[in-house]
Structures are given as C-alpha cells and as structure tokens.
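# Coordinate inspection notes
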Amino acid sequence: MHDVHRLRRALWTALSLPIAAGCTSTDPVPKPQVEPSKAGPTPPPDDAKDNVEAVERVPDSRPWACEVAHWCEARAEAIALGSPNVALTNGCPATVELPEGTTSIGAGTTVGATSVTATLVHTLPPDVVIEGGKPDCCYSWTYECRGGRPLVIGEELVVARIDAAFESWSESAVGVRLPAGRDQRDQLARAWLCDALFEHASIASFARSTLELMAVGAPASLLAETHRAALDEVRHAALCFDLAAAYGAPATAPGPLPCAGPRASSRSSVARTTFVEGCVGETVAALVAKRAASACTDPVVTAVLETIADDEARHAALAWKVVQWLLRDDDGTIAAELKTVWEAVVVGGNEITDGDGRVALAEYGRLGARATRVAAQQAHVQIVGPMLDALIQQSSRARESCAGSVWA
Ligand SMILES: [Fe+2]
Ligand SMILES: [Fe+2]
C-alpha cells in the first residue's frame with residue numbers, strides 16, 4: 001500500500017464519524033465507532049499519481065518552507081544560472097536554478113542543501129549603470145523543510161535564531177553515518193537545524209492553538225490532544241537538534257522566539273487557521289517525513305523520521321478533528337470559507353518535471369527539493385482536498401438532517 005494511501009486511510013479512519021450524530025453544539029465530539037466503509041463518505045481510490053517521478057503541479061503556497069535566503073548578482077551571472085525558458089524582467093531571469101548540493105554562491109551567501117530554485121524579487125532597470133560590480137538581480141528562496149505546524153505571526157512564518165548564548169536543546173549524542181565530504185556534513189547540519197527551529201516554533205503554535213480553541217469553547221478531548229501535540233514538538237525539536245549536532249552544527253540552542261498571543265478567535269477564523277496550519281501543514285509534514293524515512297539508509301536517522309512521521313500524522317488528524325467539530329454547527333459559512341482558502345492554497349502552481357538525480361542526501365534522510373514538492377503536492381491533492389470535501393459533505397448532510405427534524 002502506498003504511503004499516500006496509508007496516510008489518507010489513517011486520517012479517514014480517525015475522522016469516520018457517524019453523520020448527523022447530533023444537532024446541537026453541546027454534543028460531545030464522538031469517537032470513531034464504525035468502519036470507514038459504513039461512515040458515509042469513503043476515501044477516493046488510489047490512482048496512478050502516487051508516484052514521486054510523476055509530473056506534478058506545485059502549489060504556490062508552501063507553508064513547509066521555513067527559512068529564506070537571498071542572493072544578488074550582476075545580470076550576466078544571473079542569466080548564466082537562469083532557469084530554462086523563463087521570462088526576463090529588466091534582463092534578469094525570473095528564476096535561477098542552483099545545482100542541489102551548492103553550498104555557497106555570490107559574496108559569502110550560503111545556500112541550503114535542499115534549495116534549488118530562487119525567485120526574482122528585485123531588479124534594477126537595464127539602463128542603469130552599475131558601478132563597482134553592484135548587483136542588479138536579486139533573488140530569494142526558501143529552505144524546503146519538512147514543515148509541520150508553523151508559527152504564523154501576521155503573514156510571516158516565525159522561527160527562533162540559533163544563539164549559542166542560550167542552553168542547547170540537544171539532549172544526547174547520536175551516532176549517525178557521516179558523509180565523507182565536509183560540504184555534505186554542513187548541509188545536513190543546516191537542514192536539521194532548519195527542521196529543529198521549525199519544530200521549536202510548533203511548540204508555540206500549539207500553545208497558542210490551545211488558547212484559541214478555548215476561546216471558541218472547544219471540548220476537552222481536543223484541548224488534551226493539543227497539549228500532547230505540543231509535547232511531541234518539544235521532543236521533535238530535541239531529536240532534530242541531536243541530529244544537527246551529530247553532523248557538526250556548532251550550536252544547537254534556539255534563542256528567543258517572538259511571543260505569539262492568541263489571534264482574534266471566531267469559529268470561522270479558528271477553522272481557517274487550523275486548516276492551513278494543521279490540516280495542510282501537518283499532513284504534508286507527515287508524508288514528507290515518511291517518504292524521507294523510506295529513502296534513508298541510516299537506521300538512527302530513519303528511527304527519528306519514523307517517530308516524527310507517526311506523530312505528525314496524529315497532529316494532522318487532530319487538526320481535521322478540530323475542523324470537523326467546527327463544521328458540525330456550520331450554516332455553510334465556514335465550509336465556503338474553507339473552500340476559498342483551499343483554492344488559494346492549491347491553485348496557481350508551477351509545473352515541475354520528474355527528478356533529475358538531485359537526491360544526493362536522500363540516503364541520509366533528506367528528500368530533495370523536488371521530491372519534497374511532489375510529496376507536498378500529492379498530500380494537497382490526494383489527501384487534503386478529498387478530506388475537506390468529505391467533511392463539508394458530512395456537515396451539509398447533518399444540517400439537512402437537523403432541518404428535517406420535528407424537534408429541530
Ligand atoms: Fe513536529
Ligand atoms: Fe506537528
């Protein structure tokens with residue numbers, strides 16, 4: 001059974017609740033009691049797209065990208081690295097491609113191991129005279145982290161910075177198989193630091209989620225699961241810092257993280273943020289971690305990735321349960337908003353082609369950027385979309401059932 005199908009089945013089972021079990025907001029959240037095949041909506045069948053090598057459509061919105069790097073250079077250099085067949089803006093390619101494994105480019109700028117495509121963010125007009133080699137094409141790109149539940153403040157994803165002045169989060173020395181090359185070891189250390197900081201931020205994200213859920217009267221079961229998930233993230237962060245240290249990261253101490261207070265909480269707003277940050281983010285993280293574990297040949301790293309994959313799948317199920325609970329008393333408003341959010345997340349992607357061998361670190365548990373994007377796209381289209389449709393359908397049927405009740 002393919003990993004996409006297994007994850008979809010697990011989530012579907014966790015959400016397989018009887019339709020129209022109750023018509024009031026005071027009903028407790030029921031536990032799964034019936035087989036998925038008897039629970040109304042059924043998962044869509046697998047299809048041939050469960051294939052990493054397939055040509056895929058990549059969503060523009062990528063909440064699993066957690067760090068931005070920048071590069072500015074003269075046009076000639078940018079054009080030399082320009083992606084094939086991309087448009088020029090003021091003589092600068094819209095995107096530049098970097099061979100995976102690139103560790104530095106430009107004047108001291110360091111690029112992550114799993115960064116591939118940089119996107120143009122700024123140009124100078126072509127008729128401007130560049131003095132002293134001043135750069136005229138500026139790009140930015142993101143690290144392709146596994147993701148998980150992000151900490152969003154305003155419109156920004158927020159993570160702490162590594163700061164050796166603080167206490168290390170690495171709990172134990174782990175024996176991993178080290179690549180021979182210093183560059184690869186550095187890339188692995190950076191990649192695991194990136195994941196560690198994202199996991200660290202997830203702790204705060206779940207803490208804020210507790211307050212936001214309480215503000216809309218969430219039941220105890222959801223609050224308890226949210227607290228357990230936050231503790232999972234503490235463990236994930238420590239595991240990732242352990243691996244970063246094993247590959248030679250000089251410091252594994254997250255510095256201060258901006259304080260993220262609860263956002264204005266209505267049932268609609270909690271549904272929207274839970275959907276994006278949990279249903280999408282955690283589902284993608286679970287699949288990426290599972291796929292990375294499958295490709296990894298180091299048993300120590302594989303064990304970490306398996307642990308994280310299982311936990312993230314449970315966190316994804318929690319997010320879906322929250323959305324399901326919020327949809328139970330929905331008059332159609334939340335459902336419509338979630339569909340709009342979903343379309344904004346998944347529509348407008350770029351075409352990517354199959355892998356081209358840039359998976360040098362897969363045996364160490366790091367998927368290449370393209371494989372990460374494909375996994376994310378598959379999670380979006382084959383899991384998140386059908387799950388959302390099924391929950392909305394379930395909510396709609398429950399509403400119709402209540403409307404038809406004599407005592408409603
Ligand atoms: Fe996590
Ligand atoms: Fe998580």
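Keep in mind it's a predicted model, so treat the numbers as computed, not measured. (Residues numbered from 1 in each chain as written. Chains lettered and ligands numbered in written order. Predicted model: local features only at pLDDT ≥ 70, side-chain atom pairs only at ≥ 80, totals over all residues.)

## Focus: the overall build of the protein
- The helix and strand tally for the protein stands at eight helices and 12 strands.
- A burial count over the protein gives 45% of its 408 residues as buried.
- Relative to all contacts within the protein whose residues are 6 or more apart in sequence, the contacts with residues 24 or more apart total 79%. (Helix = DSSP H or I, 4+ residues; strand = E, 2+ residues; numbered from the N terminus. Buried ≥ 20, exposed ≤ 12 C-beta atoms within 10 Å, placed from the backbone. Contact = placed C-beta atoms within 7 Å.)

## Some words on the environment of aspartate 242
- Within the secondary structure layout, aspartate 242 lies in helix 4 (residues 220-246).
- Aspartate 242 sits in the buried class, given 23 other C-beta atoms within 10 Å.
- For the pair formed by aspartate 242 and serine 168, sequence separation is 74 residues and the distance between their alpha carbons is 9.7 Å.

## What to know about the nonpolar core
- Counting residues in each nonpolar core, the largest one holds 89 residues, and the members touching the most others are Trp192, Leu243, Ala244 and Val323.
- Residue assignment for this core shows that the elements contributing at least two residues are helix 1 (3-14), helix 3 (182-215), helix 4, helix 5 (267-295), helix 6 (299-328), helix 7 (333-346) and helix 8 (369-403).
- Looking at this core element by element, the count peaks at 16 residues for helix 6.
- Apart from residues lying up to four places away in sequence, alanine 244 is in contact with Ala189, Trp192, Leu193, Ala196, Ala249 and Thr252. (Core = buried A, V, L, I, M, F, W, Y, C linked by C-beta atoms within 7 Å.)

## A short note on the confidence of the model for the protein
- Here the protein averages 75 in pLDDT, and 69% of its residues register 70 or above.
- Predicted confidence for residues 101-116 stays below pLDDT 50, and this span has 52 contacts to residues more than four positions away or in other chains. (pLDDT = per-residue confidence, 0-100.)

## A few points about the packing of helix 1 against helix 5
- At their nearest, the axes of helix 1 and helix 5 sit 10 Å apart, and the two run at 140° to each other. Classified by the angle their axes make, helix 1 and helix 5 are oblique. Pair helix 1 / helix 5 crosses with right-handed handedness. Taken together, the residues of helix 5 that come into contact with helix 1 (itself represented by Asp3, Val4 and Leu7) are Ala286, Leu287, Lys290 and Arg291.
- Classifying every residue of the contact of helix 1 with helix 5 by side-chain character gives four nonpolar, no polar and three charged. (Axes fitted to C-alpha atoms, helices over the stretch in contact; angles between N-to-C directions. Parallel < 35°, antiparallel > 145°, perpendicular 65-115°, else oblique. Left-handed = near helix turned anticlockwise from the far one by under 90°. Nonpolar A, V, L, I, M, F, W, Y, C, P; charged D, E, K, R; others polar.)

## Here's the deal with the packing of helix 4 against helix 6
- Between helix 4 and helix 6, whose axes approach to 10 Å, the crossing angle comes to 155°. Comparing the axis directions of helix 4 and helix 6 gives the class roughly antiparallel. Helix 6 is crossed by helix 4, and the crossing has left-handed handedness. Facing helix 4, whose interface residues are Leu222, Glu225, Thr226, Ala229, Asp232, His236, Leu239 and Leu243, helix 6 presents Val301, Val304, Ile308, Asp311, His315, Leu318, Lys321, Val322 and Trp325.
- Each residue belonging to the contact of helix 4 with helix 6 can be placed in one class, and the counts come to 10 nonpolar, three polar and four charged.

## A closer look at the environment of histidine 200
- Assignment of secondary structure puts histidine 200 in helix 3.
- Separated by 40 residues in the primary sequence, histidine 200 and cysteine 240 place their C-alpha atoms 9.7 Å from one another.

## Observations concerning helix 3
- For helix 3, which comprises 34 residues, the first-to-last C-alpha distance of 50 Å matches the rise-based estimate of 50 Å (1.5 Å per residue) to within 8%.
- Of all 34 residues in helix 3, 24 are buried; the element is thus mostly enclosed.
- Glycine 217 lies just past helix 3 and shows a positive phi near 75°. (Expected span 1.5 Å × (residues − 1).)

## Some words on the environment of serine 16
- With respect to the element layout, serine 16 can be found in the loop between helix 1 and strand 1 (56-58).
- With 21 C-beta atoms counted inside 10 Å, the residue serine 16 sits in the buried group.
- A sequence separation of 378 residues divides serine 16 from glutamine 394, and the C-alpha atoms of the two residues are 9.9 Å apart.

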